[in-house]
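# Chain and residue survey
So the chains spell out like this:
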Amino acid sequence: MSKIVILSSSVRLGRNSNRVALYFRKYIEDNKLADAEIVDLNEYQFPVFNERLRFQTNPTPQTLAFAEKIKSADGVLIVTPEYNGGYPAALKNVVDLLYDEWHRKPVAIATVSAGPFGGTQVITSLQFSLWKIRAWTVPAMFPVPKVEEAFNEAGVPKDKAATDKRADVFVKELLWCMEAAQKMKA
């Protein structure tokens, strides 16, 4: 079975985007679409990196373990909040940390916000950063407006049927790209 890493990118106190990460893990596993693992940047509390991993002389075991999770995944689903039109520094930090690990990696982007636009303003800047490091960004998007109203703290959506319908299209696009990437390697 394919492996999807769900990158929960907020490290703020009282964060709400992790609710969507929890939802996707359950959705993917319940529908037996892939093995799904949440990689929560809040659990890592990485320092600001001053060099890419491949140029570090003595990377920490935690840094190497994170890099291996991204590298070994068949696809990555990033869940990010929008902070003032951008994405969190913690996410930018780990995007820039890696390079070869992102190469041709299918990456889907789910965005959240407390407001009515669901984080859609962050998509372009994150896609551009991923594109520059040669990741394969999936065209489908999953914006979540008013995230605290749309999902509870356990990741259960208020409107499960509508959310599952949107998730089906989004995750299937990621899975299609993952399958295509595997075929290109062969």
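Model, not experiment: these values are computed from the prediction.

Further remarks concern the sheet that holds strand E4 (residues 106-112). Overall, parallel pairing links the five strands, which are arranged E2-E1-E3-E4-E5 in an open sheet. Each edge of the open sheet is held by one strand with a lone partner, namely strand E2 (35-40) and strand E5 (136-144). Across the sheet, the axes of successive neighbouring strands diverge by a mean angle of 20°, strand direction being ignored. Here six bridges tie strand E1 (residues 3-8) to E2, and the two strands are oriented parallel to one another. Within E2, the residue paired with Ile 6 across the bridge is Ile 38. Packing against the sheet, helix H3 (residues 61-72) makes contact with E1, E2 and strand E3 (75-81), and its axis sits at approximately 130° to E1. Taken strand by strand, helix H7 (residues 160-185) contacts E1, E3, E4 and E5, and its axis lies near 170° from that of E5.

To continue, consider unusual backbone geometry. The phi torsion at Gln 45 lies on the positive side, around 50°, for a residue other than glycine. Among the secondary structure elements, Gln 45 is positioned in the loop between helix H2 (41-44) and H3. Look at Lys 146: it is not a glycine, yet its phi comes out positive at around 45°. Among the structural elements, Lys 146 can be located in the loop between E5 and helix H6 (147-150).

Right, let's talk about the environment of Met 178 for a bit. Position of Met 178 relative to the elements: it lies in helix H7. Judged by relative accessible area, Met 178 falls into the buried class, the value being 2%. For the pair Met 178 and Gly 155, spaced 23 residues apart in sequence, the C-alpha separation works out to 25 Å.

Here Asp 164 shows up in helix H7. Given the relative accessible area of 18%, Asp 164 is considered buried. Looking at Asp 164, its side chain comes within polar contact range of the side chain of Tyr 23, at 2.6 Å. Dropping the residues within four chain positions of it, Asp 164 is found in contact with Tyr 23 and Tyr 27.

For the structure on display, the rule yields 11 salt bridges. Asp 40 is paired through a salt bridge with Arg 15; the nearest N and O atoms lie 2.6 Å apart. You can see Asp 40 sitting in strand E2 and its partner Arg 15 sitting in the loop between E1 and helix H1 (17-30), a full 25 residues away along the chain. Here Asp 40 falls in the buried class, since its relative accessible area comes to 5%.

Below, the discussion takes up H7. The α-helix winds at 3.6 residues per turn, so residues separated by three or four positions along the chain end up facing the same way. The end-to-end C-alpha distance of H7, which contains 26 residues, comes to 36 Å, matching closely the 38 Å that a straight helix rising 1.5 Å per residue would cover. Within H7, burial applies to Thr 163, Asp 164, Ala 167, Phe 170, Val 171, Leu 174, Leu 175, Cys 177, Met 178, Ala 180 and Ala 181. Contacts made by the buried residues of H7 are with E1, H1, E3, E4 and E5.

Analysis parameters
Residue numbers run consecutively from 1 along every chain, following the written order of its sequence. At least 70 in pLDDT is required for a residue's local features to be given in this predicted model, at least 80 for side-chain atom pairs to be given and counted, and no such filter applies to totals for whole chains, interfaces and linings, which use all residues. As a rule here, side-chain values come from all non-hydrogen atoms in the structure, and water together with hydrogens is ignored. Only strands that DSSP links by at least two bridges are regarded as paired with each other. A run of H or I in DSSP becomes a helix once it reaches four residues, and a run of E becomes a strand once it reaches two; helices and strands are each numbered from the N terminus. For helices, the axis comes from a line fit to the C-alpha atoms of the stretch in contact; other axes are also lines fit to C-alpha atoms, and the angle between any two N-to-C directions lies between 0 and 180 degrees. In this description, contact between two residues means that some pair of their heavy atoms is separated by no more than 4.5 Å. For every residue, the accessible area (1.4 Å probe, protein chains only) is compared with the maximum for its type, and the residue is labelled buried under 20%, exposed over 50%, or partly exposed between those bounds. We call two N or O atoms a polar contact when they sit within 3.5 Å, provided that within protein one can donate a hydrogen and the other can accept it, with sequence-adjacent residues counted only if both atoms are side-chain atoms. We define a salt bridge as a contact between a side-chain nitrogen of Lys or Arg and a carboxyl oxygen of Asp or Glu at a distance within 4 Å. Helices are assigned an expected span. That span is 1.5 Å times one less than the residue count.

In short, geometric facts, not functional conclusions.
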